[in-house]
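Spelled out from the first residue to the last, the chains are:
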Amino acid sequence: MTHPVSHALPEIEIREPTPDERTQWFEEFQAAARRPLRTRFRYAFIKTYKPVLDDAEYRSFESTAEYRAWCEAQLPDWLGYGPAI
Amino acid sequence: MAPRFEYTQAEEIRDSFARNGVRHLFLGKSGAILLGFPDTTQDADVFVEKSESNGRSLVVALRELGFDLTDGQADEIGRGKDFIQLKNGPFDLDLIFAPDGIESFAEAWERHVDVEGFAVCHPDDIIRSKAATNRVKDRESLPRLKQFRDFWVGSRGGE
């Protein structure tokens with residue numbers, strides 16, 4: 001890896017994990033760090049059918065705002081592409 | 001629907017984009033996975049620098065990879081429409097020319113991370129981008145991604 005420019009994480013409101021989550025996630029990160037990239041890849045990419053989203057071979061949007069609006073209007077809520085409240 | 005994204009396909013993107021001089025960065029959860037984040041995702045997200053020459057090179061590289069682009073689609077990619085979803089090739093690929101939460105490609109490039117030849121956005125940019133989109137699925141993944149960011153920074157001596 002190269003050495004990226006160090007900079008502070010932006011101020012974003014992110015839920016604090018519970019102590020149990022911290023412990024579990026730390027163990028998962030450590031285990032992943034021991035695996036080669038190729039192995040990590042094998043388990044990371046999955047494929048399931050996503051209604052509407054997977055029904056066209058090509059889509060383009062002039063802006064990300066337009067894309068977000070399309071997702072909100074067209075995709076089922078349970079896919080999670082809608083805005084968080 | 002294309003089959004799941006494979007490591008060899010990521011290598012093909014990396015190599016074809018390099019051959020054709022496409023300035024790009026892996027972004028989103030696919031970028032985080034390259035950095036070591038243990039999670040699952042379905043698509044590869046690539047942040048592409050928006051410029052006329054980069055757009056032209058990108059079209060050449062995508063066709064080389066096996067994406068079946070019409071002339072109209074090639075024109076849209078070439079001029080860099082902000083968000084393009086490709087499902088007409090050997091794998092699904094999202095091209096993002098203007099991701100939410102990231103000021104410019106140049107800034108993201110300045111702090112990018114190289115992982116075995118893959119150019120990847122810094123985890124802070126991945127988090128910034130996911131936070132800015134404010135989608136349900138991104139908000140849910142942010143606490144764990146933030147913890148991973150801290151782990152990753154710590155493992156590199158606190159950079």
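Residues numbered from 1 in each chain as written. Chains lettered and ligands numbered in written order. Predicted model: local features only at pLDDT ≥ 70, side-chain atom pairs only at ≥ 80, totals over all residues.

Draft legend 1. Looking closely at the overall build of chain A. Summing up its helical and strand segments, chain A has 3 helices and 1 strand in all. The N-to-C order of helical and strand elements in chain A reads α-α-β-α. Evaluated residue by residue, chain A yields a buried proportion of 11% over its 85 residues. (Helix = DSSP H or I, 4+ residues; strand = E, 2+ residues; numbered from the N terminus. Buried ≥ 20, exposed ≤ 12 C-beta atoms within 10 Å, placed from the backbone.)

Draft legend 2. Expanded view of the interface of chain A and chain B. Taken together, the contact between chain A and chain B spans 47 residues of the former and 54 residues of the latter. Mapped onto the side of chain A that touches chain B, the elements with two or more residues apiece are helix H1 (19-34), helix H2 (37-44), strand S1 (58-61) and helix H3 (64-74) of chain A. (Contact = placed C-beta atoms within 7 Å.)

Draft legend 3. Region of interest: helix H7 (residues 136-155) of chain B. For H7 of chain B, with 20 residues, the first-to-last C-alpha span of 29 Å sits near the 28 Å given by 1.5 Å per residue. Roughly 45 degrees is the biggest bend found in H7 of chain B, and it falls at leucine 142 of chain B, with proline proline 143 of chain B one to four residues downstream. Listing the buried residues of H7 of chain B in full gives Asp138, Ser141, Arg144, Leu145, Lys146, Gln147, Phe148, Arg149, Phe151 and Trp152 of chain B. Looking at the buried positions of H7 of chain B, the neighbouring elements they touch are H1 of chain A together with helix H2 (28-35) and helix H6 (123-133) of chain B. Following H7 of chain B by one or two positions, glycine 157 of chain B adopts a phi angle in the positive range, close to 80 degrees. (Expected span 1.5 Å × (residues − 1). Bend = angle between axes of the 7 residues up to and from the residue.)

Draft legend 4. Representation of the environment of leucine 65 of chain B within the structure. Residues and elements named next belong to chain B. For leucine 65, the position within the fold is in helix H3 (residues 52-65). Here the alpha-carbon distance between leucine 65 and glutamine 9, two residues 56 residues apart in the chain, equals 8.8 Å. Aside from chain neighbours lying at most four places away, what touches leucine 65 is Glu12, Ile13, Ser16, Gly89 and Pro90.

Draft legend 5. Up close: the confidence of the model for chain A. Residue and element names in this part refer to chain A. With 85% of its residues at a pLDDT of 70 or more, chain A shows a mean pLDDT of 87. For chain A, H2 is the element with the lowest average pLDDT, namely 92, and S1 is the one with the highest, namely 98. Taken together, the stretch residues 1-7 has pLDDT below 50 and engages in 16 contacts with residues farther than four places along the chain or on a different chain. (pLDDT = per-residue confidence, 0-100.)

Draft legend 6. Geometry of the nonpolar core. The biggest cluster of nonpolar side chains holds 52 residues, and the ones touching the most others in it are Phe26, Val46, Phe47, Leu95 and Val120 of chain B. Filtering out sequence-adjacent residues up to four positions away, phenylalanine 26 of chain B remains in contact with Gly31, Leu34, Asp45, Val46, Phe118, Ala119, Val120 and Cys121 of chain B. (Core = buried A, V, L, I, M, F, W, Y, C linked by C-beta atoms within 7 Å.)

Draft legend 7. Molecular detail of the packing of helix H1 (residues 7-19) of chain B against H3 of chain B. Residue and element names in this part refer to chain B. Two elements in contact, H1 and H3, have axes whose closest approach is 9 Å; the angle formed by their N-to-C orientations is 140 degrees. Here H1 lies oblique to H3, going by the angle between them. Seen from above, H1 lies across H3 with right-handed handedness. Contacts from Glu12, Ile13, Ser16 and Phe17 of H1 reach H3 at Ala61, Glu64 and Leu65. Of the residues that constitute the contact of H1 with H3, the class distribution is 4 nonpolar, 1 polar and 2 charged. (Axes fitted to C-alpha atoms, helices over the stretch in contact; angles between N-to-C directions. Parallel < 35°, antiparallel > 145°, perpendicular 65-115°, else oblique. Left-handed = near helix turned anticlockwise from the far one by under 90°. Nonpolar A, V, L, I, M, F, W, Y, C, P; charged D, E, K, R; others polar.)

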